[in-house]
Structure formats: structure tokens, C-alpha cells
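# Examining the three-dimensional arrangement
Given next are the chains, with one letter for each unit.
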Amino acid sequence: MNDYELIDSGNELKFERFGNLKLVRPCAQALWKKKMPKWEDVDATFDRKSLWKTQHKKPSWQVAIGEIALELKMTEFGHIGFFPEHLSILEKISPLVEKNDKVLNLFAYSGLMTLALAQKKAQLCHVDASKTTVDWARKNARINNLEKASIRWIVDDVMKFLKREVKRGSRYDGVVLDPPTFGRGAQGQVFKLERDINLLLELVKQVLSKEAKFVALSCHTPGISPLVLKQIFEGYFPASDFGELVILANKGRDLPCGSFAIFLK
Ligand SMILES: C[S@@+](CC[C@H](N)C(=O)[O-])C[C@H]1O[C@@H](n2cnc3c(N)ncnc32)[C@H](O)[C@@H]1O
């Protein structure tokens, strides 16, 4: 079951369906013309000046993404609690994950990856700097009856957390990381992908177990092409796969959304 659909994109916008709701949001990379002449039955439109324009009265709604139900909300940043481009990463690593594997999910947001792997009975550590976002992920865990699953919920700066894990000698069998271009840690620490990516990967390397099965890195930073990311990644791990993150459209044009590089055992 998948309640998500990219309907079309173009004119620096994207048109997507999340369950019953069809949303139009800005999309800087969609410099091409829309494929469909008219986008019909739009339930909500976001732009950075006037935020959301919608007749939809409910503050949140639920969608099914694979086996996981996610609560979505129209946030003031235009995000809604689900990044569809990250699904392809889940599809690549999920077959490797087995019961009791220790998996670290960094920059983990509203929890889709965490919950999908917890459902496979892996032991998850979910790290995000935003308490609001971690609370949202915990609510998603309850919605999926996973409140008793083995998940450590951590509100912290990823770099600070990793340095502590290195000191403690913690080890993981798999790491997923989807860092933003720019972010802030829980105490306001600044994260800048271009400045911090090498230290981030060095720390990830230090928390990997000898039997580690995967490291999956993705990013959405303009200028970090698949080859750039692969060559950074290869300073620390052999890249089994790398490429462009793409959301495939039903009728309209496919949407490139960043780069990924993955080590798979
Ligand atoms: C692009 S989202 C990740 C989306 C996620 N991969 C998904 O598909 O659901 C980036 C997340 O990183 C978090 N973040 C930003 N800077 C951080 C930092 N320094 N330490 C920890 N989390 C951070 C944000 O709160 C946000 O939830």
C-alpha cells in the first residue's frame, strides 16, 4: 500500500498526492515546463511568503507508506513529515536488516525509516536535533503499535552524539544518514554539509561494527552531484552503489531530489 504519488512537476513547483490530499509546493530544481496543462483538484498550496493556502480544516492526516502509517501535517516550513525520495534508500537496505541488528538512523525526522526497520525487529537508535520532530516520530511509533519496539529516541546534535558514542565504544551493524544542507543541533550547533561531511563520515566509520552490513548516505545539497558524493563517501567506505535520488512520476516528469552513496556488504 502506498498513499503517495508524484503527479507532475515544472515551473519550479511540484504536484503530489499524499493520501486524499493533493498538494502544490515549491521545487527549485523543476526548471522545466509542467507536463500536464492544468493541475486540478488541488487541496493545498504552499509558498514561502503566504505559507499554506487551503480549505482543509484538519491539522493532520494519515497515509500508508508500505507497511507504515505516517501522520502528516502542514508545517510552516512547507514540509509535511515525509520525504518520498528517501523511500528508495529504505528499499535498498531493508532486505539486509535482520532481527536484533543494531541500526543507527541519523537526521531521522518523523521516523519512517526507524519504524520500517523496527518492524523487522532490528534495534534502532533514532537521532534528531528537534524535540518536536522526535515527538512526532514517537507518535508515529504509537500509531503503528511499535511503542514497545526496541527504539532509542535521542534528541541531540548528530556530531555531538557520535563523538559520545565513539568514546563509549558503541557499535552499529548499519547506519542511515540523510543530512541537511544546513541544520542546527539541539543546543544551536551549526551543521553545514559542505564543511562537516568528512568529519561526519569519519565518526560513522568509528561506530561501525566489524560485521557491519550497510552505510546509506543521501543528501539534497545543490552542487553535491552523485559523483561528488560517491568520491567523498569512498574516503571512508567502498561505494557499492551511488546515483541520483529520483521520484518517479505517474503522468508528469520524474523529479531529481539529490544524491546517494551506499556501502552494502
Ligand atoms: C532532510 S530531514 C531528514 C529526512 C528523513 N531522512 C526522512 O526521509 O524522513 C533533516 C533532519 O535533520 C535534523 N537535523 C538538522 N540538523 C541536525 C543536527 N545538527 N543534528 C541532528 N539532527 C539535525 C532536522 O531536525 C531534520 O529532522
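Residues numbered from 1 in each chain as written. Predicted model: local features only at pLDDT ≥ 70, side-chain atom pairs only at ≥ 80, totals over all residues. Heavy atoms only, no water.

## As for the overall build of the chain
For clarity, the threshold we go by: Every helix listed is a DSSP run of H or I at least four residues long, and every strand listed is a run of E at least two residues long, numbered separately from the N terminus. We compute the radius of gyration over the C-alpha atoms and compare it with the globule rule, which gives 2.2 Å times the number of residues raised to the power 0.38. The buried label applies to any residue whose accessible area, calculated with a 1.4 Å probe on protein chains only, is under 20% of its type's maximum; exposed applies above 50%, and partly exposed to all values in between. It only takes one pair of heavy atoms within 4.5 Å for two residues to be counted as in contact. Accessibility throughout is a Shrake-Rupley quantity obtained with a 1.4 Å probe, and a residue counts as covered only by protein chains that appear here. Asp and Glu count as negative and Lys and Arg as positive, but His and the ends of the chain are not part of the count. Charge placement uses NZ in Lys and CZ in Arg. For Asp and Glu, CG and CD serve respectively.
When helices and strands are tallied, the chain shows 6 helices and 16 strands. Taking 265 residues into account, the globule formula puts the C-alpha radius of gyration at 18 Å, and the chain, at 18 Å, falls close to it. Reported as C-alpha extents along the three principal axes, the dimensions of the chain are approximately 55 × 40 × 35 Å. Burial status across the chain gives 52% buried among its 265 residues. Partitioning the contacts of the chain with sequence separation of at least 6, the portion at a separation of at least 24 is 60%. When the accessible surface of the chain is summed, it comes to about 13000 Å², and 51% of that surface belongs to carbon and sulfur atoms. Here the chain carries 41 positive and 32 negative side-chain charges, and the mean point of each set is 4 Å from the other.

## What to know about the pattern of salt bridges
For side chains bearing opposite charge, pairing can occur when the charged atoms are close. Stated precisely, the cut-off is as follows: The rule for a salt bridge is simple: a side-chain nitrogen of Lys or Arg has to be within 4 Å of a carboxyl oxygen of Asp or Glu.
One pass over the structure, following the stated rule, counts 14 salt bridges. E5 is paired through a salt bridge with R17; the nearest N and O atoms lie 2.8 Å apart. Of the two residues, E5 sits in strand β1 (residues 4–10) while R17 sits in strand β2 (residues 13–18), which places them 12 residues apart along the sequence. Between K139 and E71 there is a salt bridge; the shortest N-O distance is 2.7 Å.

## Focus: the domain arrangement of the chain
Here is the rule we go by: Source of the domain bounds: an automatic or database domain assignment. Note on terms: buried area is the combined drop in 1.4 Å-probe accessible area of two parts once they are placed together, counting the loss on both. Counting of polar contacts relies on pairs of N or O atoms within 3.5 Å, with two restrictions inside protein: one atom must be capable of donating a hydrogen and the other of accepting it, and residues adjacent in sequence are counted only when both atoms are side-chain atoms. In the scheme used here, Gly and all other residues not listed as nonpolar or charged are polar, with Ala, Val, Leu, Ile, Met, Phe, Trp, Tyr, Cys and Pro taken as nonpolar and Asp, Glu, Lys and Arg as charged.
Each domain of the chain was delimited in the assignment, giving domain 1 (4–62) and domain 2 (82–264). Each of domain 1 and domain 2 was reduced to a C-alpha centroid, and the two centroids are 26 Å apart. Each partner contributes residues to the interface: domain 1 has 16 residues there, and domain 2 has 14 residues. A buried area of about 1300 Å², summed over both sides, lies between domain 1 and domain 2, and 63% of it is on carbon and sulfur atoms. Its largest share of buried area at the contact with domain 2, domain 1 owes to Y4, L6 and K35, together 37% of the area lost on that side. Inspection of the region where domain 1 meets domain 2 yields 0 salt bridges. Summed over the shared surface of domain 1 and domain 2, the number is 7 residue pairs in polar contact (both at pLDDT 80 or more). Contributing elements (two or more residues each) for the side of domain 1 that touches domain 2: β1 and β2. Sorting elements by how many residues they give to the side of domain 1 that touches domain 2 places β1 first, with 6 residues. Here the side of domain 1 that touches domain 2 is built from residues that sort into 7 nonpolar, 3 polar and 6 charged.

## Regarding the site of the ligand
Counted only if it meets this: Any residue with at least one heavy atom within 4 Å of a molecule or strand is counted as near it.
Close contacts around the ligand come from 17 residues, with D128, A129, D157, V158 and D178 the closest. With respect to the ligand, the backbone of A129 contributes an N or O atom lying 3.0 Å from a nitrogen atom. Separating a nitrogen atom of the ligand from a side-chain N or O atom of D157 is a distance of 2.8 Å. For the ligand, the accessible surface in isolation is 610 Å², of which the surrounding protein chains cover 89%.

## Here we look at the nonpolar core
So the rule is basically this: Residues enter a nonpolar core if they are buried and are Ala, Val, Leu, Ile, Met, Phe, Trp, Tyr or Cys, with the set joined through side-chain atoms within 4.5 Å.
Formed by 49 residues in total, the largest nonpolar core has its most connected members in F18, L23, W61 and F82. The element best represented in this core is helix α2 (residues 112–118), accounting for 6 residues. Of the residues that make up this core, three or more belong to each of domain 1 (4–62) and domain 2 (82–264). Look past the residues within four positions of F82 in its chain and what remains in contact with it is Y4, F18, I65, L70, L72, L87, Y109, S110 and L112. In this structure, F107, I154, V215 and I232 belong to the second largest nonpolar core, which totals 34 residues.

## Quick notes on the side chain of T221
For T221, the location among the structural elements is in the loop between β14 (214–219) and α6 (226–233). Ignoring any residue separated from it by four or fewer positions in sequence, one finds T221 in contact with T181, L193 and E194.

## A short note on the packing of aromatic side chains
Given two aromatic rings, one states the distance between the centres and the angle between the planes to describe the pair. Selection rule: Only centres within 6.5 Å qualify two rings of Phe, Tyr or Trp (six-membered ring in Trp) as a pair; their planes then separate them into stacked at under 30 degrees, edge-to-face at over 60, and tilted for everything else. Whether a charge sits over a ring comes down to the Lys NZ or Arg CZ being within 6 Å of the ring centre and within 35 degrees of the ring normal.
Taken as a whole, this structure holds 9 aromatic pairs when the rule is applied. Between F83 and Y109 the ring centres are 5.0 Å apart and the planes differ by 55°, which places this aromatic pair in the tilted class. Taken together, the residues span a long stretch of sequence, with F83 in the loop between β7 (68–73) and α1 (87–93) and Y109 in the loop between β8 (102–106) and α2 at a distance of 26 residues. The class for F83 is partly exposed, based on a relative accessible area of 27%. Taken together, the ring pairs in this structure connect Y4, F18 and F82 into an aromatic cluster. Its end group placed over the ring of W39, K34 keeps NZ or CZ at 4.4 Å from the ring centre. In this structure, K73 packs its charged tip against the face of W136, placed 4.4 Å from the ring centre.

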